[in-house]
Amino acid sequence: MAEINARAGCGLEFLGMAEWGDSGGAYVRWPDGRHGVVTRSFAPLDQLHTTADILHLARSRGLPVPRHDLIVELRDGTAAIVQERLSGTPLRRVDADTIDTIDAMVAVNDRFAGLLADRSDVPIPAMHLRASGPAFFRHETLEAHSERSRRLLHLIRETGAAEPHEMSGDDLIHNDYRPENVLCDDRGQITGVVDWHVLRGDRHFTLVGLLFALTWCTIDPRWSGVQQSAIDRLDEILAATLEPHLLRLYWAHWMLRQLDLTISHHTPESIEIHLDLGESRLN
């Protein structure tokens, strides 16, 4: 905070640490009384400015995303982002009694359709199905783990051998659309979607990622409010709205990511749950 104020002369007041979010962060107040959130990023500055531009565009269309007010390069080579603090708190319950929450999350995501039709400079993420990619998309991890993971890797590569083997589209997609990045009010209405690293593609890709995130929540004690009934509802929506070959394509991508992550860093229980999840659609 001291470095941000010294470099930008903005006079931010520290209010407290943010409770949620993998990026961490602090709540702050501007001299004029506006509230903000400070997070740190390792992304290049040009990428951060692109994100700010796209979120400005989304806000101009009435979408519930935060304004990025300030980007400051820090001495250690990272950057600090001071963004608008939206109202609401992260979703804590996604279960049978709040099944409409899934429908609401799908409806909000649908509002990002076609937003980047004039922004071909925003990248479409690679699927990494034909060959190993960077961390969390490494084929070698699945190859080395077990007979089940090797069989899933074969199915992932088989999916990548077909066409299309990459994603297309002009929707704004959130690459980490999950409960802690969706804010809601006391009535359960969604008030914001936060923690953006903007990408371009098919918005349904985001929803497949949400299903994998919800599955992870069922074994994460922080998210005991996420129940299988909510996952089943989202699975029904995906089956009804996505062409089978696209659902398989996106499933293979998220499966590769999640298995590389869980095999490398998490428990045997986590690995088994995600092997089951992969086999449910790729077999």
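Throughout what follows, the structure given in this document is the object of discussion. (Residues numbered from 1 in each chain as written. Predicted model: local features only at pLDDT ≥ 70, side-chain atom pairs only at ≥ 80, totals over all residues. Heavy atoms only, no water.)

### Concerning a nonpolar patch on the surface
- On the surface, a nonpolar cluster with roughly 300 Å² of combined accessible area is contributed by Met1, Phe14 and Met17.
- Mapped onto the secondary structure, Met17 falls in strand E1 (residues 13–17). (Patch = residues over 30% accessible without salt bridge, like charges linked within 9 Å, V, L, I, M, F, W, Y side chains within 5 Å. Areas by Shrake-Rupley, 256 points an atom, 1.4 Å probe, with all protein chains shown as cover. Salt bridge = Lys/Arg side-chain N within 4 Å of Asp/Glu carboxyl O. Helix = DSSP H or I, 4+ residues; strand = E, 2+ residues; numbered from the N terminus.)

### As for the layout of surface pockets
- There is about 320 Å³ of room inside the second largest pocket.
- Lining the second largest pocket are 21 residues, with Asp176, Arg178, Ala213, Arg257 and Gln258 sitting closest to its centre.
- Sorting the residues of the lining of the second largest pocket by element identifies helix H6 (203–217) and helix H8 (244–265) as the ones contributing at least two each.
- With seven residues, H6 is the largest single contributor of residues to the lining of the second largest pocket.
- Of the residues belonging to the lining of the second largest pocket, the class tally is ten nonpolar, six polar and five charged. (1 Å grid on protein atoms, 1.4 Å probe; cavity = no way out; pocket = protein on both sides within 12 Å on 5 of 7 lines; lining within 4 Å. Points joined across faces, edges and corners; volume = space filled by probe spheres on them. Nonpolar A, V, L, I, M, F, W, Y, C, P; charged D, E, K, R; others polar.)

### Examining helix H9 (residues 268–282)
- Taking 1.5 Å as the rise per residue, H9 with 15 residues should run 21 Å; its terminal C-alpha atoms sit 21 Å apart, in good agreement.
- Where H9 is concerned, the buried positions are Ser270, Ile271, His274, Leu275, Leu277, Gly278, Glu279 and Leu282. (Expected span 1.5 Å × (residues − 1). Buried < 20%, exposed > 50% of the residue type's maximum accessible area, 1.4 Å probe, protein only.)

### Section: the sheet that holds strand E9 (residues 190–193)
- As summarised here, the arrangement of the three strands in space is E6-E8-E9, forming an open sheet in which the pairing is antiparallel. Only two strands of the sheet have a single partner each, and these edge strands are strand E6 (89–90) and E9.
- Pairing geometry for strand E8 (residues 182–184) and E9, over three bridges, is antiparallel. Bridge pairing in E9 links Val182 to Val193. (Pairing = 2+ DSSP bridges.)

### Observations regarding the sheet that holds strand E5 (residues 79–84)
- With antiparallel pairing, five strands are arranged side by side in an open sheet as E1-E2-E3-E5-E4. The open sheet has two edge strands, E1 and strand E4 (68–73), and neither has a second partner. For this sheet, the mean inter-axis angle between neighbouring strands, taken without regard to orientation, is 25°.
- Looking at chain direction, strand E2 (residues 26–29) and strand E3 (residues 35–41) are connected through four bridges and run antiparallel. In the sheet register, Tyr27 faces E3, and the bridge partner there is Val37.
- Each of E3, E4 and E5 is contacted by helix H2 (residues 45–60), which is oriented at about 175° to E4, the strand it contacts most. (Axes fitted to C-alpha atoms, helices over the stretch in contact; angles between N-to-C directions. Contact = heavy atoms within 4.5 Å.)

### Some remarks on the side chain of Glu84
- Checked against the element boundaries, Glu84 lands in strand E5.
- On the basis of relative accessible area, Glu84 is assigned to the buried category, the value being 18%.
- A distance of 2.6 Å separates a polar atom in the side chain of Glu84 from a polar atom in the side chain of Arg59.
- Discounting chain neighbours no more than four positions away, the residues touching Glu84 are His35, Gly36, Arg59, Val65, Pro66, Arg67 and Asp69. (Polar contact = N/O pair within 3.5 Å; in protein donor to acceptor, adjacent residues only side chain to side chain.)

### Quick look at the pattern of salt bridges
- This model, assessed by the stated rule, comprises 27 salt bridges.
- In this structure, Glu147 and Arg150 form a salt bridge, with 3.6 Å as the shortest nitrogen-oxygen distance. Of the two residues, Glu147 and Arg150 both sit in helix H5 (residues 147–161), three residues apart, roughly one turn of that helix.
- Its relative accessible area of 55% is what places Glu147 among the exposed residues.
- Judged by its relative accessible area of 31%, Arg150 is partly exposed.

### Comments concerning the environment of Arg157
- Positionally, Arg157 belongs in helix H5.
- Among the residues examined, Arg157 registers a relative accessible area of 37% and is labelled partly exposed.
- For the pair Arg157 and Glu140, spaced 17 residues apart in the sequence, the C-alpha separation amounts to 12 Å.
- Dropping the residues within four chain positions of it, Arg157 is found in contact with Leu129, His139 and Glu143.

### Focus on the nonpolar core
- Counting 64 residues, the largest nonpolar core has Leu172, Val208, Leu234 and Tyr250 as the members making the most contacts within it.
- Tallying contributions element by element places H8 first for this core, with eleven residues.
- Each residue touching Leu234, except ones within four places of it in the same chain, is listed here: Ile102, Val106, Leu207, Leu210, Leu211 and Leu214.
- With eleven residues, the next largest nonpolar core counts Trp30, Val72, Ala80 and Val82 among its residues. (Core = buried A, V, L, I, M, F, W, Y, C linked by side-chain atoms within 4.5 Å.)

### Let's talk about unusual backbone geometry
- Cis peptide bonds are those with omega within 30 degrees of zero, and the linkage from Glu163 to Pro164 qualifies with -5°.
- Mapped onto the secondary structure, Pro164 falls in the loop between H5 and strand E7 (171–173).
- Despite not being glycine, His128 shows a phi value in the positive range, around 60°.
- Mapping His128 onto the fold places it in the loop between helix H3 (100–110) and helix H4 (139–145).
- The phi dihedral of Asp195 falls on the positive side, at around 65°, and the residue is not glycine.
- Here Asp195 is to be found in the loop between E9 and strand E10 (199–201).
- Accessibility expressed as a relative area gives 28% for Asp195, which makes it partly exposed.

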